[in-house]
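Okay, here's what each chain looks like letter by letter:
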Amino acid sequence: MADVSNAPGTQPLAPGKAGLGVTQRQDPWWAEWVGVAAGLGLLFGYAGVAAFLGKGQWGPYLSPFYSPHFMQLHTGKPWIPVALVPLIVIIGFRATCYYYRKSYYRAFFADPPACAVGEARENYEGETKFPFIIQNAHRYFMILASFFLIFLWWDAIGALFPHLLSKHMGAPDTESLPFVNLAFGSILMLTNVVLLTGYTFGCHSLRHLVGGKNDCMSCAPSLQAGWKAASGFNAKHMQWAWASLISVCLTDLYIRLSGMGLLTFEPWKVFK
Ligand code: FES
């Protein structure tokens, strides 16, 4: 570990002292580590459980874990959770994301626990061997997740305009709804898909695919514009990552609790 004795907020490191957690930092560097571990554990744990519970649809509202709707028609076997495919894409996309990698390497593997804090091992092999070489699949998960994003926009528009799209989703009792269903559930679904779009558009792989690999930016103005847009989202990728992960879980929770009759903020309660 590098000696940072001259950095502000540090204290001298005892000679010969190094290893897991050894640091000259005086600030509570472990607080972020604990917070990230608790947050990721809670939200990914919820996602894993929700995928096996079923009941991901209520009226014109479809949980993001159960989208696209047609998947329910073809995987409705008791031994295949209908949300398994979306769950694999959600977890695969996020687990291989550059931001999440940094987060969970620190939070769950303490590798390293934080900047300028000692780690257990002394050599670094990068992500060149199994299992971490799988992280290279991120670009493919990004393409899969982008397809799911199209369906999530379809679901959100269907919730907002139930007479237009919800019948195609097999939503019952939508005749009694107004043409524009401006209600808590539809606004929640719309917010969720906007946050997911911001997260996906800021993906490092997408940014590279759109324009990052080009040697001459001014030779392709449209790619340059796309790259600049992706870079704008990318600058706040961590914030998009957390906001969208929380919104996905909250959207599912709201639809689930409403369907169970335990909670709803809708002005109408007409759905079975
Ligand atoms: Fe985070 Fe691609 S790097 S989604």
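Here the residue index of a chain counts from 1 through its sequence in written order. Under the rules for a predicted model, residues below a pLDDT of 70 receive no local features and side-chain atom pairs below 80 are neither given nor counted, while totals for whole chains, interfaces and linings still include all residues.

### Some words on the overall build of the protein chain
To keep things clear, this is the line we draw: Strands here are runs of E lasting at least two residues and helices are runs of H or I lasting at least four, both read from the DSSP assignment and numbered beginning at the N terminus. Contacts are defined on C-beta atoms placed from the backbone: any two residues whose C-beta positions lie within 7 Å are in contact.
Along the protein chain, the regular secondary structure elements total ten helices and two strands. What you see in the protein chain, going N to C, is helices and strands ordered as α-β-β-α-α-α-α-α-α-α-α-α. Within the protein chain, contacts between residues separated by at least 24 positions form 66% of all contacts whose residues are at least 6 apart in sequence.

### Quick word on the environment of L144
Checked against the element boundaries, L144 lands in helix α5 (residues 138-160). Separated by 58 residues in sequence, L144 and P86 have C-alpha atoms that sit 9.6 Å apart.

### Structural notes on the packing of helix α1 (residues 30-53) against helix α10 (residues 237-259)
Short version of the rule: Lines fitted to the C-alpha atoms define the axes, with helices restricted to the stretch that makes contact. Angles between their N-to-C directions range from 0 to 180 degrees. With the far helix as reference, a near helix turned anticlockwise by less than a right angle produces a left-handed crossing, and one turned clockwise produces a right-handed crossing. The nonpolar class holds Ala, Val, Leu, Ile, Met, Phe, Trp, Tyr, Cys and Pro. Asp, Glu, Lys and Arg form the charged class, and all remaining residues, Gly among them, are polar.
Orientation of α1 relative to α10, taken along the N-to-C sense of each, is 40°, at an axis distance of 10 Å. Read as a crossing pair, α1 and α10 show a hand that is left-handed. Residues L43, Y46, A47 and A50 of α1 lie in contact with α10, whose contacting residues are L245, I246, C249 and D252. Partitioned by chemical class, the residues of the contact of α1 with α10 number seven nonpolar, no polar and one charged.

### Some remarks on the packing of α1 against helix α4 (residues 98-109)
This is how it is decided: When an angle is under 35 degrees it counts as roughly parallel; over 145 it counts as roughly antiparallel; between 65 and 115 it counts as roughly perpendicular; any other value is oblique.
Orientation of α1 relative to α4, taken along the N-to-C sense of each, is 100°, at an axis distance of 9 Å. Considered as vectors, α1 and α4 are oriented roughly perpendicular to each other. Between α1 and α4, the residues in contact are W33, V36, A37 and L40 and S103, Y104, R106, A107 and F108, respectively. For the contact of α1 with α4, the class distribution of residues is seven nonpolar, one polar and one charged.

### A few points about the nonpolar core
What counts, and what does not: We define the nonpolar core as any set of buried residues of the types Ala, Val, Leu, Ile, Met, Phe, Trp, Tyr and Cys, connected via C-beta atoms lying within 7 Å of each other. Partly exposed residues are those falling between the two cut-offs: more than 12 but fewer than 20 other C-beta atoms within 10 Å of their own, whereas 20 or more means buried and 12 or fewer means exposed, with C-beta atoms placed from the backbone.
Grouped together as the largest cluster of nonpolar side chains are 32 residues, with contacts concentrated most on A47, Y61, F65, A156, M189 and A241. Every element with two or more residues in this core is listed here: α1, β2 (61-62), α3 (84-95), α5, α7 (184-201) and α10. It is α10 that provides the largest number of residues to this core, a total of seven residues. Sequence-distant contacts of A241, defined by excluding residues within four places in its chain, comprise C97, Y99, Y100 and Y199. In this structure, F201, V210, W227 and A230 belong to the second largest nonpolar core, which totals six residues.

### Some thoughts on unusual backbone geometry
Along the chain, D111 connects to P112 via a cis peptide bond; the corresponding omega equals -5°. With respect to the helices and strands, the residue P112 is situated in the loop between α4 and α5. A cis amide bond links F130 to the next residue, P131, at an omega of 5°. Mapped onto the elements of the fold, P131 is located in the loop between α4 and α5.

### With respect to the environment of G211
On the secondary structure map, G211 appears in helix α8 (residues 204-212). Between the C-alpha atoms of G211 and A225, which are 14 residues apart in sequence, the distance is 8.6 Å. Not counting residues up to four positions away in its chain, the partners in contact with G211 are M217, L223, Q224, G226 and W227.

### Describing the confidence of the model for the protein chain
Reading fine detail from the predicted coordinates is not recommended where pLDDT is low. Quick note on the threshold: Within a predicted model, pLDDT stands for the predictor's per-residue confidence, ranging from 0 to 100.
Per-chain confidence: the protein chain averages 84 in pLDDT, with 84% of residues scoring 70 or above. When pLDDT is averaged over each helix and strand of the protein chain, the minimum, 60, is found for helix α2 (residues 70-74) and the maximum, 97, for α7. pLDDT under 50 marks residues 1-5. Its contacts with residues more than four places away, or in other chains, come to eleven contacts.

### Focus on α4
Just so we agree on the cut-off: Helices are assigned an expected span. That span is 1.5 Å times one less than the residue count. By definition, the arc is the one covered by directions from the helix axis to the C-beta atoms.
For α4, built from twelve residues, the straight-helix expectation of 16 Å at 1.5 Å per residue is met to within 8% by its first-to-last C-alpha distance of 16 Å. Taken as a whole, α4 has its buried residues at Y100, S103, R106 and A107. Looking down the long axis of α4, one finds its buried residues gathered within 140° of arc, a one-sided arrangement. Structural note: α4 exposes K102 and F109 on the side pointing more than 90 degrees away from its buried face.

### Description of the environment of Y98
For Y98, the location among the structural elements is in helix α4. Judged by the 15 C-beta atoms lying within 10 Å of it, Y98 is partly exposed.

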